[in-house]
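Architecture and fold: a report
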Amino acid sequence: MSTPFASLETSFFVNGSAQTAPQFSIKLNGSVPFTVTAWVNAQSIQDPADILAKDGVFRFGVQGTQLYVELNGFPALWSDGVTNPVTQDAWHYVACVYTGTQLQLYIDGVLDCAAGVTGQGADNPNPFVIANNLQGRLNSVRVYASALPAGLLLEAMFQPDPAQSYVANFDFTLNPPADTSGNNLPLVLSGTTNVNAVAPAVALGASAYCQPIRDPGVNPGGAGNDPYTIQAWIWIANPTASLTADGLVPAAQAVFVNQLIDAPVGVALFLVYDSTANLYRLASLRGNVDSPGSTLVSQGTLPFGQWVNVATTYDPTTTTLSLYLNGALDSSSPAFPAITALAAPNVLIGGAAVSTQPSTVWTLQGFIQTVDVWNVSLSAAQIQQWLAAYPIQETGLTAHYDFTSQLTRNELNGNLVGLADRASVHAQTGAAGTSAAATARKSRREPEKPHYRQLAPEVMQRLRDGISFADAPQLDRLLDEAARKELAQNLHLFVPAAHVERFRAKLAGEWARVRHLMKERPQELRFVITHHKIDGEHILIHHTPVRSTVVFRAPVESLDDCTMWRIRVIWTILMGLLSVFGVTAALTNRALQFIQQRILGNAALMRAIGNIPASVTATGLYVIIKALYDFGVLWPLIKIVLTSMGWWALTKLLVKILVKFFGAALAVAETIASLIVAVAQLIYVLTQQPAQCPLIPSGAGASTPA
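Residues numbered from 1 in each chain as written. Predicted model: local features only at pLDDT ≥ 70, side-chain atom pairs only at ≥ 80, totals over all residues. Heavy atoms only, no water.

**Some points on the side chain of R568**
Stated formally: By definition, any uninterrupted DSSP run of H or I lasting at least four residues is a helix, any uninterrupted run of E lasting at least two residues is a strand, and each is numbered from the N terminus. For each residue, the accessible area found with a 1.4 Å probe, counting protein chains only, is set against the maximum for its type, and the residue is called buried under 20%, exposed over 50%, and partly exposed in between. Charge counting follows a simple rule: Lys and Arg are positive, Asp and Glu are negative, and His as well as the terminal groups are ignored. Salt bridges are identified by distance alone: a Lys or Arg side-chain nitrogen within 4 Å of an Asp or Glu carboxyl oxygen. For this analysis, residues touch if any pair of their heavy atoms sits within 4.5 Å.
With respect to the helices, strands and loops of the structure, R568 is situated in helix α8 (residues 561-579). No salt bridge is formed by the buried R568; the nearest opposite charge belongs to D471, separated by 7.5 Å. Look past the residues within four positions of R568 in its chain and what remains in contact with it is H531, L540, V685 and Q688.

Structure follows, in structure tokens:
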């Protein structure tokens with residue numbers, strides 16, 4: 001059975017919970033420091049819902065919009081619930097930390113509240129229980145035998161250290177869930193608990209459909225005799241017994257069309273109902289659906305209630321139309337000559353249109369996850385390859401329509417996809433099979449080793465100790481100018497009037513903090529990226545308060561100083577964004593190519609961001625990041641660089657970015673303030689500009705996709 005790109009998670013409802021051992025290797029009663037973290041999605045949180053608890057000893061959970069932690073014998077600590085709420089039916093990374101003298105609560109990597117605690121509570125033989133009264137879902141619950149500092153806690157949100165030692169690591173993305181800490185703690189599910197496979201997709205039904213906006217370059221078959229490939233992941237709902245009995249099962253369901261199906265032009269990939277088999281077959285259309293010989297129908301049928309990869313190819317040199325099911329060739333025919341050319345396509349996904357009625361027909365009753373369109377006829381081996389990979393940088397790709405998040409776009413060029421007639425993006429959820437590996441594929445990005453050979457420890461320590469910005473004598477003046485511009489601008493553009501002065505004070509405080517650290521303790525900055533030439537190599541090192549990592553190395557002769565500087569500018573912007581969430585990434589070969597081709601080589605984009613002033617502000621950097629988003633390059637670049645991050649973590653990261661960067665005004669204001677550390681470093685990188693090296697390359701745009 002083929003699988004889409006999905007993850008597993010465990011749901012708890014009514015009386016569902018999970019019980020583990022009565023004792024861990026440490027006590028959670030205040031006798032020693034500890035940290036507990038969890039990824040949780042609470043769907044009904046009016047009553048106290050324990051994430052992890054031991055009756056009479058320890059409770060950590062959520063109620064309403066608040067997080068709580070309680071050690072027996074001490075007052076419970078509650079989070080604010082207003083400025084940083086635990087929202088219902090949304091994933092949150094929550095943590096409680098006990099330092100030995102203080103309890104702390106974190107929400108999504110941000111410290112929310114703290115209270116002093118001295119002494120220790122009682123202990124007893126009661127078992128630890130997970131998800132008691134939790135109406136919702138869990139991804140993980142981890143227990144550490146130390147009080148994680150803020151930096152490590154933030155990093156562990158999306159990139160937990162694989163070398164980290166855990167007291168317990170309860171992984172609810174396995175089937176069955178288990179402790180993977182190496183301590184082999186038992187985990188027994190009880191009550192209403194389910195392990196589900198969750199596949200993000202666009203849900204369609206009734207007359208719903210999706211329509212790309214301003215995407216005229218996507219026109220397979222438009223020349224009449226041009227090669228093309230259309231490939232998609234789909235899930236078809238099983239018709240009800242009454243529909244089947246009454247003969248009301250839809251005769252056809254569309255996957256992709258680029259014109260009216262009763263016109264003599266255009267192509268379509270769709271499903272046609274076989275009443276004898278009571279199943280659908282795959283069909284590929286060239287021209288008018290009512291014309292004899294215009295459609296190739298598959299020999300095989302498609303199952304209901306399962307994900308299926310479907311594809312069609314056309315080779316004009318042999319006039320051959322082919323169909324593929326789950327990457328395997330199903331049928332092929334050379335009886336499909338040229339059709340009338342189509343100058344102005346009207347692409348619909350999950351629905352079709354006819355000339356005789358205004359509404360759509362053939363709506364797919366189910367889900368679509370991705371649709372890829374090519375202007376080449378892929379081989380059987382390539383169909384199999386791209387069934388499970390991310391083709392965004394491949395020659396011949398004209399569209400990668402991705403419905404795995406609310407950002408429904410053609411990821412090749414950033415053009416939007418509209419959702420019509422109640423089409424909506426959400427997860428298709430079903431019971432997981434007995435093997436997690438066979439049930440969910442966690443990533444749609446080709447594996448590319450993201451780790452570079454590290455420097456010798458003594459060399460790395462010397463470089464870390466030597467972090468300095470003193471080689472830019474004009475830096476102080478530029479930082480002064482940036483801070484003054486930041487505080488003098490019209491902040492009403494970013495926050496409501498009632499919050500302007502608070503926002504201004506936060507910006508002033510963050511500018512002062514960052515500038516102090518740059519001078520006195522640069523190793524404590526949230527991130528610093530340093531560039532070195534060592535033994536004939538360009539080397540980039542990403543420093544955080546807790547570690548230094550080589551994230552790029554290449555022979556000096558492979559990149560001239562001007563190109564390397566331009567890449568450093570873009571990389572500093574990207575890492576400034578990702579560092580807000582504790583994420584570190586390697587500048588892989590594919591990421592390097594993407595930056596050169598899709599960003600530096602995009603004339604319109606570089607005109608939008610290329611005139612970065614030497615004293616750029618945090619609000620200015622926010623505008624640059626938004627331009628990368630608007631031009632459709634931000635998400636693909638993030639997906640490419642985070643090759644080691646599975647789908648689940650990646651989608652949660654994208655949601656957090658959306659909320660913080662493009663959500664409510666106050667959230668955006670907090671994010672802008674958090675960008676000041678990135679702005680200060682971007683200003684420093686701009687001072688390193690080589691002579692005769694403008695940021696906008698001459699001839700930019702030559703490789704920009706149409």
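**Focus: unusual backbone geometry**
Cis rather than trans, the peptide bond between N175 and P176 has omega equal to 0°. Secondary-structure assignment places P176 in the loop between β12 (168-171) and β13 (178-179). Of note in this structure, R214 is not a glycine but carries a positive phi near 50°. For R214, the position within the fold is in the loop between β15 (209-212) and β16 (228-236). A residue is classified by how much of its surface remains accessible, and R214, at 71% relative accessible area, is exposed. Of note in the backbone geometry, Q692 takes a positive phi value of approximately 55° without being a glycine. Among the secondary structure elements, Q692 is positioned in the segment after α15 (676-687).

**Some points on the packing of aromatic side chains**
Working definition: an aromatic ring pair is given by the centre-to-centre distance plus the angle between the planes. We apply this condition: Aromatic rings from Phe, Tyr and Trp, taking only the six-membered ring of Trp, are treated as a pair when their centres fall within 6.5 Å; an angle between ring planes under 30 degrees marks them as stacked, one over 60 as edge-to-face, and anything in between as tilted.
Overall, the coordinates contain 19 aromatic pairs when judged by the stated rule. Relative to Y166, the ring of Y144 lies with its centre 5.1 Å away and its plane at 55°, an arrangement referred to as tilted. Placement of the pair is Y144 in strand β11 (residues 135-144) and Y166 in the loop between α1 (150-158) and β12, with a sequence separation of 22 residues. With centroids separated by 6.1 Å and ring planes inclined at 80°, the aromatic side chains of Y452 and F552 adopt a geometry described as edge-to-face. With a gap of 100 residues between them, Y452 in the loop between α4 (436-439) and α5 (457-465) and F552 in strand β32 (residues 548-555) connect regions that are remote in the sequence. For Y452, a relative accessible area of 17% translates into the label buried. Residue classification places F552 among the buried positions, given a relative accessible area of 1%. An aromatic cluster is present here, built from F24, F128 and F170 joined pairwise through their rings.

**Concerning the packing of helix α12 (residues 634-641) against helix α13 (residues 647-662)**
Selection criterion: Between N-to-C directions, angles cover 0 to 180 degrees, with each direction set by a line fitted to C-alpha atoms, over the stretch in contact for helices. Helix crossings get a hand from a simple test, with the near helix turned counterclockwise from the far one by less than a right angle marking a left-handed crossing and a clockwise turn marking a right-handed one. Throughout, the ten residues Ala, Val, Leu, Ile, Met, Phe, Trp, Tyr, Cys and Pro are labelled nonpolar, Asp, Glu, Lys and Arg are labelled charged, and all others, Gly among them, are labelled polar.
Relative to each other, α12 and α13 sit at 140°, their axes nearing to 11 Å. Crossing hand, α12 versus α13: right-handed. When α12 is examined against α13, the residues W635, I638 and K639 are found in contact with a partner set consisting of L650, L653, L654, I657 and L658. Its residues assigned to classes, the contact of α12 with α13 shows seven nonpolar, no polar and one charged.

All quantities given are derived from atomic positions and should not be read as evidence of function.
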